[in-house]
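Here is how the chains run, residue by residue.
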Amino acid sequence: MNHVIMIGFMGAGKTTIGKKIAKRLEREFIDTDQWIEEKTGRIIADIFAEDGEDAFRRLETETLRELENRQAPCVIAVGGGLPMQPENRPILARMGTVVFLEAGTDTLVERLKNDKTRPKLQGGDLRQRILDLMAEREAVYCDVADLRVSTDHRGYREVVEEIVSLLREPASSYTKQTSGSAD
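Residues numbered from 1 in each chain as written. Predicted model: local features only at pLDDT ≥ 70, side-chain atom pairs only at ≥ 80, totals over all residues. Heavy atoms only, no water.

## Here we look at the pairing of strand 1 (residues 3-8)
- In terms of residue burial, strand 1 counts as a mostly covered element, since six of its six residues are buried.
- Where burial is concerned, the two faces of strand 1 agree: the one with H3, I5 and I7 and the one with V4, M6 and G8 are both buried.
- Two elements, strand 1 and strand 4 (residues 96-102), share six bridges in a ladder whose sense is parallel. Across the sheet, residue I5 finds its bridge partner in strand 4, namely V98.
- Across three bridges, strand 1 lies against strand 3 (residues 74-77) in parallel orientation. Each residue of the ladder has a partner; that of I5, found in strand 3, is I76. (Buried < 20%, exposed > 50% of the residue type's maximum accessible area, 1.4 Å probe, protein only. Helix = DSSP H or I, 4+ residues; strand = E, 2+ residues; numbered from the N terminus. Pairing = 2+ DSSP bridges.)

If you want it as structure tokens, here you go:
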């Protein structure tokens, strides 16, 4: 088994679920946003504000290339916009199994309503910003993912068990599988 890469919208549970999966699989967990913050000594919001989104996206691609070369399989949570960069998609495919954590709009609004750290969600109506971004991203997430798992109305244990179970199956049996339902 290679790396397990968690993708999905902000608030879908990539970091929370990813940490639990890493523990179950006895692997290192890496969050690309945290990696970038540690490497640059700056928070993501400041990078966006001071250098712009394009600069941040370049840092994401550099990080992904570094992680691709890691020998020990890891569980990696990537930022919600990382798969949107065309150059990142083949890297993700080479790295291992890509798991798209899905969450419906109501779930995301509830999880993100008090979050002031995400530059792409600041200003305007939160629900509409989520809907607009999801309209841009969902098809790409589906295209990149090997597995799709809903986190709506489910505890993390249930989601983790499902993903670990699917990962233990032969790759040909789970490619492009979907579970649960997101609204």
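Additional details are given in the paragraphs that follow.
## Topic: the packing of helix 2 (residues 32-40) against helix 4 (residues 53-68)
- It is the contact of helix 2 with helix 4, at a shortest axis distance of 10 Å, that shows an interaxial angle of 105 degrees. Overall, the two elements helix 2 and helix 4 adopt an arrangement that is roughly perpendicular. Here T32, D33, W35, I36, K39 and T40 of helix 2 lie close against helix 4, whose contacting residues are F56, L59, E60, E62, T63, E66 and L67.
- In terms of residue class, the contact of helix 2 with helix 4 is made up of five nonpolar, three polar and five charged. (Axes fitted to C-alpha atoms, helices over the stretch in contact; angles between N-to-C directions. Parallel < 35°, antiparallel > 145°, perpendicular 65-115°, else oblique. Contact = heavy atoms within 4.5 Å. Nonpolar A, V, L, I, M, F, W, Y, C, P; charged D, E, K, R; others polar.)

## As for the packing of helix 3 (residues 44-51) against helix 4
- Two elements in contact, helix 3 and helix 4, have axes whose closest approach is 7 Å; the angle formed by their N-to-C orientations is 130 degrees. What the angle tells us is that helix 3 and helix 4 run oblique. Mapping the contact onto sequence places I44, I47, F48 and D51 in helix 3 and E53, A55, F56, R57 and L59 in helix 4.
- For the contact of helix 3 with helix 4, the residue count by class is six nonpolar, no polar and three charged.

## Side note on the packing of aromatic side chains
- One pass over the structure, following the stated rule, counts two aromatic pairs.
- The interplanar angle of 40 degrees and the centroid separation of 5.2 Å between the aromatic rings of F48 and F56 together place this pair among those described as tilted. Each member of the pair, F48 together with F56, is buried.
- Lying over the aromatic face of Y156, K20 brings its terminal NZ or CZ to 4.5 Å of the ring centre. (Phe/Tyr/Trp six-rings, centres within 6.5 Å; stacked < 30°, edge-to-face > 60°. Lys NZ or Arg CZ within 6 Å of the ring centre and 35° of its normal.)

## A short note on the pattern of salt bridges
- For the structure shown, the criterion picks out 12 salt bridges.
- Here E50 and R42 are joined by a salt bridge, their closest N and O atoms 2.9 Å apart.
- Salt-bridge contacts for E60 lead to R57; the nearest nitrogen and oxygen are separated by 2.8 Å. Of this pair, E60 and R57 both sit in helix 4, three residues apart, roughly one helical turn.
- Judged by its relative accessible area of 6%, R57 is buried.
- Each of R42, E50 and D51 takes part in a single network of salt bridges with overlapping partners. (Salt bridge = Lys/Arg side-chain N within 4 Å of Asp/Glu carboxyl O.)

## Thoughts on the nonpolar core
- Of all hydrophobic cores here, the largest spans 48 residues; its most connected members are M6, I7, F9, I21, L101 and I163.
- In this view, M6 contacts K14, I17, G18, I21, V75, I76, A77, V78, V99, L101 and I163; residues no more than four positions away in its chain are not counted.
- Membership of the second largest hydrophobic core comes to five residues, among which are I36, I44, I47 and F48. (Core = buried A, V, L, I, M, F, W, Y, C linked by side-chain atoms within 4.5 Å.)

Nothing here speaks to function; it is all geometry.
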